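Close look at the chain arrangement
So the chains spell out like this:
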Amino acid sequence: MVARSAPSPADVWEILEEVRDPEVPVLSVVELGIVRDIAIEGDHVTVQITPTYSGCPAMHEIERTVVGALASRGLVAEVRTVFSPAWTTDWMSDVAKEKLRAYGIAPPGPTTEQPLVPLMRRAAPVPCPFCGSRETETRSEFGSTACKSLQVCNACRQPFEHFKAI
Amino acid sequence: MPNGDFGDTIVRQFLFSLHALFVLDALQRCGHPELAGIAAKAVKETRYHVRHSGEWLVRLGDGTEESHERVQRSLDRLWRYTGELFEGDEVESRLVAQGYAVDPASVRDAWSAQLREVAGLATLTVPTEVHMQRGGRDGRHTEHLGHLLAEMQIVARSHPGATW
Ligand SMILES: [Zn+2]
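So, how was this worked out
- Residues numbered from 1 in each chain as written.
- Chains lettered and ligands numbered in written order.
- Predicted model: local features only at pLDDT ≥ 70, side-chain atom pairs only at ≥ 80, totals over all residues.
- Heavy atoms only, no water.
- Pairing = 2+ DSSP bridges.
- Helix = DSSP H or I, 4+ residues; strand = E, 2+ residues; numbered from the N terminus.
- Axes fitted to C-alpha atoms, helices over the stretch in contact; angles between N-to-C directions.
- Parallel < 35°, antiparallel > 145°, perpendicular 65-115°, else oblique.
- Left-handed = near helix turned anticlockwise from the far one by under 90°.
- Nonpolar A, V, L, I, M, F, W, Y, C, P; charged D, E, K, R; others polar.
- Contact = heavy atoms within 4.5 Å.
- Buried area = accessible area lost by both parts, 1.4 Å probe.
- Salt bridge = Lys/Arg side-chain N within 4 Å of Asp/Glu carboxyl O.
- Polar contact = N/O pair within 3.5 Å; in protein donor to acceptor, adjacent residues only side chain to side chain.
- Donors = N, O, S within 2.8 Å, 3.2 Å for Na, K, Ca; no water.
- Tetrahedral: all angles 85-135°; square planar, octahedral: opposite > 155°, others 65-115°.
- Buried < 20%, exposed > 50% of the residue type's maximum accessible area, 1.4 Å probe, protein only.
- Domains from an automatic or database assignment.

**Some words on the pairing of strand β1 (residues 35–41) of chain A**
All names here are of chain A. Here β1 runs beside strand β2 (residues 44–49); their pairing, made up of six bridges, is antiparallel. What sits directly across from Glu-41, in β2, is His-44. Linking β1 back to β2 in an antiparallel pair, the connection comprises two residues, with Gly-42 at a positive phi of about 65°.

Here is the structure:
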């Protein structure tokens, strides 16, 4: 069936809830907090997306998937990238953070006011997503993607990634 | 510059990203809303680069005798390229006058003070040499750039039109 009447905002949000982040497939783009706004005009939908990281290689893939998901419901979609206000991990819901933890990635804590040059002012240790211990240490500021750091748990000896608070 | 010593990589990244951080911080308050928004985003990310390279600088500088010597040598070798970080060109001056850009010279003091603080933690000596390499802003580069560009283009040049 091809939709001819204008969809409701709830319809569009529901479709977007099914679009996964290619890097973290347990989260939808809505849970990630990168969909900033939608606008509907007839069967034309404009989706405003803000990048998680400016150089994030997943953004093109996300745009393609968003357009594809809406097109499969007969909608003509356009993605607009907005930079301001800059994305923050605080826009991730608690449910999303718990999904991340269950997936084996330590979720970001709340962002805190930091000095411009954050050198040598390390935050509290990141709890291990596997055993919950705080006996963890940072191995590298950058993990498999720039948005994560590499940690190791000294209690269960499991290495893991931490989605950095930004 | 050829790849090789990790000390060179870390010192270069620290000198540059610290500069970028101060420039982007000021750019957040420029008169162009979109540019200011991009800068606000970039500040968050650049801080990680400063922390990453800065902590390595301290670890290497205040590490073993060999790591200290090598990273000090890197700082001495790369110092001559830092002068140009604070030079603008004519286009930039026009944009600064219109409130759309940051005068690179205006971040020099903050950059220098922060560098000295980190160098202190790393037990490194900041060079006092005043001769600075110039020309990059006018498109005159060292011979290394040609090799670098060739290497970065090799896949696209060898497989025209390739997609993946
Ligand atoms: Zn553990």
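**Structural notes on the packing of helix α1 (residues 6–27) of chain B against helix α2 (residues 33–61) of chain B**
All names here are of chain B. Running from N to C, α1 and α2 cross one another at 150°; their axes reach a closest spacing of 7 Å. What the angle tells us is that α1 and α2 run roughly antiparallel. Crossing geometry of α1 relative to α2 is assigned as left-handed. Classifying every residue of the contact of α1 with α2 by side-chain character gives 18 nonpolar, seven polar and two charged.

**Some thoughts on unusual backbone geometry**
The omega torsion of the bond from Ser-84 of chain A to Pro-85 of chain A falls at -5°, within 30 degrees of zero and hence cis. Here Pro-85 of chain A is to be found in the loop between β3 (76–81) and α4 (94–103). A positive phi is found at Arg-157 of chain A, a non-glycine position, where the angle reads about 65°. The topology assignment puts Arg-157 of chain A in the loop between β6 (148–153) and β7 (159–163). Backbone geometry at Thr-123 of chain B places phi at a positive 55°, although glycine is not the residue there. Tracing the chain through its elements places Thr-123 of chain B in the loop between α5 (108–121) and α6 (144–158).

**Side note on the interface of chain B and chain A**
Contact residues are listed per partner, giving 24 residues for chain B and 22 residues for chain A. Roughly 2200 Å² of surface becomes buried between chain B and chain A when both sides are summed, with 64% attributable to carbon and sulfur atoms. Three residues stand out in chain B for area buried against chain A, namely Lys-41, Tyr-48 and Arg-51 of chain B, and they jointly supply 32% of the buried area on that side. On the surface where chain B and chain A come into contact, there are one salt bridge. Seen at the junction of chain B and chain A, the total is five residue pairs in polar contact (both at pLDDT 80 or more). Within the residue set of the side of chain B that touches chain A, elements represented by two or more residues are α1, α2 and α5 of chain B. With 17 residues, α2 of chain B is the largest single contributor of residues to the side of chain B that touches chain A. For the side of chain B that touches chain A, the class distribution of residues is 11 nonpolar, five polar and eight charged.

**A look at the coordination of the zinc ion**
All names here are of chain A. Every protein donor of the zinc ion is listed here as Cys-128 (SG), Cys-131 (SG), Cys-153 (SG) and Cys-156 (SG), and their distances to the metal cover 2.3 to 2.4 Å. Between the four donor atoms coordinating the zinc ion, the angles at the centre fall across 105 to 114°, so the site counts as tetrahedral. Within one chain, the residues donating to the zinc ion are spaced in sequence as C-x2-C-x21-C-x2-C. One end of the pair, Cys-131, is in the loop between β4 (105–106) and β5 (136–140); the other, Cys-156, is in the loop between β6 and β7, and 25 residues separate them in sequence. Cys-131 gets classed as partly exposed once you look at its relative accessible area, which sits at 41%.

**Concerning the sheet that holds β3 of chain A**
All names here are of chain A. What the three strands build is an open sheet, ordered β1-β2-β3; its pairing is mixed. Strands with a single pairing partner mark the edges of an open sheet, and in this sheet they are β1 and β3. Averaged over all pairs of adjacent strands, the angle between strand axes in this sheet comes to 20°, irrespective of strand direction. The sheet strands contacting helix α1 (residues 9–16) are β1 and β2, and the helix crosses β1 at an angle near 135°. With respect to the sheet, helix α3 (residues 58–71) is in contact with β2 and β3, its orientation differing from that of β2 by roughly 155°.

**Quick notes on the domain arrangement of chain A**
Residues and elements named next belong to chain A. Entries for chain A in the domain assignment read domain 1 (9–81) and domain 2 (103–114 + 124–163). The gap between the C-alpha centroids of domain 1 and domain 2 is 28 Å. Between domain 1 and domain 2 lies a buried interface of about 510 Å² when both sides are counted; carbon and sulfur atoms form 81% of it. Summed over the shared surface of domain 1 and domain 2, the number is zero salt bridges. Our enumeration of links across domain 1 and domain 2 arrives at zero residue pairs in polar contact (both at pLDDT 80 or more).

**A short note on the side chain of Ser-28 of chain A**
Residues and elements named next belong to chain A. Here Ser-28 is to be found in the loop between α1 and α2 (29–32). With a relative accessible area of 0%, Ser-28 lands in the buried category. Within the structure, Ser-28 has its side chain in polar contact with the side chain of Glu-17 (distance 3.5 Å). Sequence-distant contacts of Ser-28, that is, excluding residues within four places in its chain, are made with Leu-16, Glu-17, Val-19 and Arg-20.

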